[in-house]
Amino acid sequence: MFNEQHKKESPLLGILGMGGGIAKPRGAGGGDSFQVTGGNATSTAGGNKYFYFTSPGNLSVQKISGSGDLSLSFILVGGGGGGDDTGSGGGGAGAFIQKIDYPVAGVPGSAVNWAIAIGSGAGADNPGSNPVGGSSTFTIPTAPKTFTATGGASGEQFGGLSSGGSGGGGGRKSPHAGGAASVPQTIDGSGNTPDTGIGFAGGNGFQNMPGPEGGTGGGGGGAGGVGGNSPTTTSNPYGIAGKGGLGRAAFLGDTNVSSSYGTSGPSPGRWFAGGGGGGQHTQHPNAGGAAPDGGGGASGSPAQPPGSFAGTPAVANTGGGGGGGGGASNAYIGNGSAGASGIAIIKIATNVLA
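Nothing here was measured: the structure is a model prediction, and the numbers come from that model.

Engineer: Explain the sheet that holds strand E16 (residues 343-349) residue by residue, including any values.
Structural biologist: Neighbouring strands of a sheet are bound in pairs by backbone hydrogen bonds; such pairs are parallel or else antiparallel. With antiparallel pairing, five strands are arranged side by side in an open sheet as E2-E3-E16-E5-E6. At either margin of the open sheet sits one strand with a lone partner, and together these are strand E2 (41-45) and strand E6 (96-104). Neighbouring strand axes in the sheet, compared pairwise and without regard to direction, differ in orientation by 15° on average. Direction of pairing for strand E5 (residues 70-77) relative to E6: antiparallel, over a ladder of seven bridges.

This is the structure in structure tokens:
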């Protein structure tokens, strides 16, 4: 990991928000100042400091002066579910929690640690024993409050697992239904998710190829949308497996988040928590489900050389789901890919940092 050198900013930049607008006052007491440290890396831009956690650690917080609340924004993403081998559904993304200008009262004058745990992604090809990604947590003891972003469900060759931040895709074998999300599908106009985060269901698989084994999987659900369904056509060309569900941009598309994290997406900012593409088991070329915007892995394809039908890996530290495996026949079977571990990013205005 890296630690970016903090940029020197003019006093004006210290009070500007994104897009040049004046930021809202931070802290009711006026003159509030806090010492905040922690993270695997930090960056400073646009009048804010960002703390990146890709492994467990503590955000150390201390009030230096003033009587107001500490206002912070954060995202917290659970680990993604994995993809199974040839013809499985894609893994679901970890739950995506986002809070904008979240006030924390009672920060003490001596340093306290706010613990952060980062969930690991579920492994590939063994959903029965490792069905979901690990949960990520952020504990604010002065509130007191613990936020928990559950891991995404893995995709399977049969139906998708129903328990996970986002559901895994259903597979080529009956039953084909994708798994449901275990968190709500709501987000308010300010960008705040429920405390449990947001996630969507996986897409359905289908036995749409000749023979008892042929078929494609549905895409895993993402934080921004459901996984794509497998095509139901039973004549050649049979169609492409389900695409992974869309992820979500951090902090409403804040372009100052470091490009070392997340992925690009259909709109500005860095994207996280995309579902994995569905796998396939057919000789139709390029039939693997595509990766979404948000870090999920694509599935393998029979158009690849023998021995390289494996699902494309999910992007690290996005909470994205793994892709399902490809395969042209029982002699050429590819593995799915593992889900990505989660992440936490905390954003605080520099004008309240000592």
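Engineer: Please set out the pattern of salt bridges residue by residue, giving values where relevant.
Structural biologist: Evaluation of the coordinates by the stated rule reveals three salt bridges. Taking the shortest distance from any N to any O, the salt bridge between Asp195 and Lys145 comes out at 2.6 Å. One end of the pair, Asp195, is in the loop between strand E9 (145-149) and strand E10 (215-216); the other, Lys145, is in strand E9, with 50 residues separating them in the sequence. The class for Lys145 is partly exposed, based on a relative accessible area of 26%. With a shortest N-O distance of 2.8 Å, Lys347 and Asp254 are connected by a salt bridge. Of this pair, Lys347 sits in strand E16 while Asp254 sits in the loop between strand E11 (248-249) and strand E12 (271-272), placing them 93 residues apart in sequence. Given the relative accessible area of 0%, Asp254 is considered buried. Taken together, the salt bridges that share partners define one network made up of Lys99, Lys145 and Asp195.

Engineer: Let's hear about the side chain of Ser73: which residues, and what values?
Structural biologist: Residue position: Ser73 is located in strand E5. A relative accessible area of 5% means that Ser73 is categorised as buried. A polar side-chain atom of Ser73 sits 2.9 Å from the main-chain amide nitrogen of Asp101. Ignoring sequence-local partners within four residues, the contact set of Ser73 consists of Lys99, Ile100, Asp101, Phe251, Ile345, Ile346 and Lys347.

Engineer: Explain the side chain of Thr318 residue by residue, including any values.
Structural biologist: By the element assignment, Thr318 lies in the loop between strand E13 (280-281) and strand E14 (327-329). Those residues within four positions of Thr318 in sequence are excluded, and the remaining contacts are Val77, Gly262, Thr263, Phe272, Ala273, Gly294, Gly295, Ala340 and Ser341.

Engineer: For the confidence of the model for the protein chain, give the residues involved together with the corresponding values.
Structural biologist: Confidence in the prediction of the protein chain, expressed as mean pLDDT, is 86, and 85% of residues score 70 or more. Here residues 1-29 is modelled with pLDDT under 50, and outside its nearest four sequence neighbours on either side it reaches 57 contacts, counting other chains as well.

Engineer: Can you explain the sheet that holds strand E8 (residues 136-140)? Please cite residues and give values.
Structural biologist: Pairing within the open sheet is antiparallel, and its five strands lie in the order E1-E4-E7-E8-E9. Each edge of the open sheet is held by one strand with a lone partner, namely strand E1 (33-37) and E9. Across the sheet, the mean angle from the axis of one strand to that of its neighbour is 20°, orientation sign disregarded.

Engineer: Let's hear about the packing of aromatic side chains: which residues, and what values?
Structural biologist: Under the definition given, this model contains seven aromatic pairs. Here the aromatic cluster, defined as three or more aromatic residues joined through ring pairs, consists of Phe74, Tyr102, Trp114, Phe138 and Phe147. For Lys145, the ring lying beneath its charged end belongs to Phe147, and the centroid distance is 5.4 Å.

Engineer: Would you mind going over unusual backbone geometry in detail, with residue names and values included?
Structural biologist: Between Ala143 and Pro144 the backbone carries a cis peptide bond, its omega angle lying at -15°. Tracing the backbone through its elements, the reader meets Pro144 in the loop between E8 and E9. For the bond from Ser174 to Pro175, the omega torsion is 0°, close enough to zero to count as cis. Structurally, Pro175 can be placed in the loop between E9 and E10. In the Ramachandran plot, Asp101 falls in the positive-phi region, its phi being about 50° despite a non-glycine side chain. For Asn317, which is not glycine, the phi torsion reads 55° and is therefore positive. The topology assignment puts Asn317 in the loop between E13 and E14. For Asn317, a relative accessible area of 14% translates into the label buried.

Engineer: I'd like to hear about the pairing of E5, residue by residue, with values.
Structural biologist: Most of E5 is tucked away, with eight of its eight residues classed as buried. Pairing between E5 and E16: five bridges, direction antiparallel. Note that in E16 the partner of Val77 across the bridge is Ile343.

Engineer: Got a sec to walk through the nonpolar core? Specific residues and values, please.
Structural biologist: Ranked by size, the top nonpolar core spans 27 residues in total, and within it Leu70, Trp114, Ile346 and Ile348 carry the most contacts. The element best represented in this core is E5, accounting for four residues. One finds Phe96, Phe272, Ile343 and Ile345 within the second-largest nonpolar core, a separate group that totals 19 residues.

Engineer: Account for the environment of Val77, naming residues and giving values.
Structural biologist: Here Val77 lies in strand E5. When the C-alpha atoms of Val77 and Ala93 are compared, they prove to be 8.6 Å apart, with 16 residues separating the residues in sequence. With residues near it in sequence (within four places) discarded, Val77 still touches Gly94, Ala95, Phe96, Ser136, Ala149, Phe272, Ala273, Thr318, Gly319, Gly342 and Ile343.

Engineer: So what's going on with the environment of Gly322? Which residues, and what values?
Structural biologist: Inspection of the secondary structure puts Gly322 in the loop between E13 and E14. On the accessibility criterion, Gly322 (0% relative accessible area) is buried. Gly322 sits 198 residues away from Ala124 along the chain, and the two C-alpha atoms are 7.4 Å apart. Dropping the residues within four chain positions of it, Gly322 is found in contact with Gly81, Gly82, Gly83, Gly90, Gly91, Gly276, Gly297, Ser337, Ala338 and Gly339.

Conventions used here
- Residues numbered from 1 in each chain as written.
- Predicted model: local features only at pLDDT ≥ 70, side-chain atom pairs only at ≥ 80, totals over all residues.
- Heavy atoms only, no water.
- Pairing = 2+ DSSP bridges.
- Helix = DSSP H or I, 4+ residues; strand = E, 2+ residues; numbered from the N terminus.
- Axes fitted to C-alpha atoms, helices over the stretch in contact; angles between N-to-C directions.
- Salt bridge = Lys/Arg side-chain N within 4 Å of Asp/Glu carboxyl O.
- Buried < 20%, exposed > 50% of the residue type's maximum accessible area, 1.4 Å probe, protein only.
- Polar contact = N/O pair within 3.5 Å; in protein donor to acceptor, adjacent residues only side chain to side chain.
- Contact = heavy atoms within 4.5 Å.
- pLDDT = per-residue confidence, 0-100.
- Phe/Tyr/Trp six-rings, centres within 6.5 Å; stacked < 30°, edge-to-face > 60°.
- Lys NZ or Arg CZ within 6 Å of the ring centre and 35° of its normal.
- Core = buried A, V, L, I, M, F, W, Y, C linked by side-chain atoms within 4.5 Å.

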